[in-house]
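Listed here are the chains, written in short residue letters.
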Amino acid sequence: MTWFKKLFKAEEDGARTDYYREGVELLQVGKYHEALTSFRLALRERPGDPATLQQVGITYTRIGMTDEAIKTYRAVLKDAPDTAGAHYGLAFLLLREGREEEAIEHLRIFLAAGLHGPDVERHVQHAQETLAELTGEQVQGGA
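For clarity, every value in this text was computed on a predicted model and none was experimentally measured.

Scoring rules and cut-offs
Residues numbered from 1 in each chain as written. Predicted model: local features only at pLDDT ≥ 70, side-chain atom pairs only at ≥ 80, totals over all residues. Heavy atoms only, no water. Salt bridge = Lys/Arg side-chain N within 4 Å of Asp/Glu carboxyl O. Buried < 20%, exposed > 50% of the residue type's maximum accessible area, 1.4 Å probe, protein only. Helix = DSSP H or I, 4+ residues; strand = E, 2+ residues; numbered from the N terminus. Expected span 1.5 Å × (residues − 1). Contact = heavy atoms within 4.5 Å.

J.: Is there a simple way to think about the pattern of salt bridges in this case?
T.: This model, assessed by the stated rule, comprises 6 salt bridges. One salt bridge in this structure joins Arg-99 and Glu-97, with 2.8 Å as the shortest N-O distance. Residue classification places Arg-99 among the partly exposed positions, given a relative accessible area of 34%. Here Arg-99 ties to Glu-102 by a salt bridge, and the two come within 2.9 Å at their closest N and O atoms. Within this structure, Arg-74, Glu-97, Arg-99 and Glu-102 form a network of salt bridges that share partners.

Quick look at the structure:
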């Protein structure tokens, strides 16, 4: 386990491991349980960090722990209600559960954040299309 080796190597040479970045990299290659461990270590250094908690929510979703993902996203939004990514993730989990009205609210909040850029463009488009499908509203102009 990379994180385990790094943990002890960091203690030996005084270097610090960026557990958040490591978790993101592990998540991208499908090593979900290892990513979760790295994110938990990152949260030890920065408890309650919204970005890290969002990644935990994503990881829980990918390993099928949707109840935990929902709890995690709600925890993020309790402390940082403007965290657009948590609204996005929560909206689609709520849709899976058939909770359309609540999902619509989170999709609208996500879209109201006005996010732009190549990293979020596909998410904005997906949210717009989903909202339009759920409400019959027109899809707004390109992201």
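The discussion continues.
J.: I'm lost on helix 8 (residues 121-135) in this one. Help?
T.: Because each turn of an α-helix spans 3.6 residues, side chains separated by three or four positions in sequence point in the same direction. Here helix 8 contains 15 residues, and its C-alpha end-to-end distance of 21 Å stays within 8% of the 21 Å for a straight helix at 1.5 Å per residue. Buried residues along helix 8 sit in contact with helix 6 (84-96) and helix 7 (100-112). Downstream of helix 8 by one or two residues, Gly-136 has phi in the positive range, about 80°.

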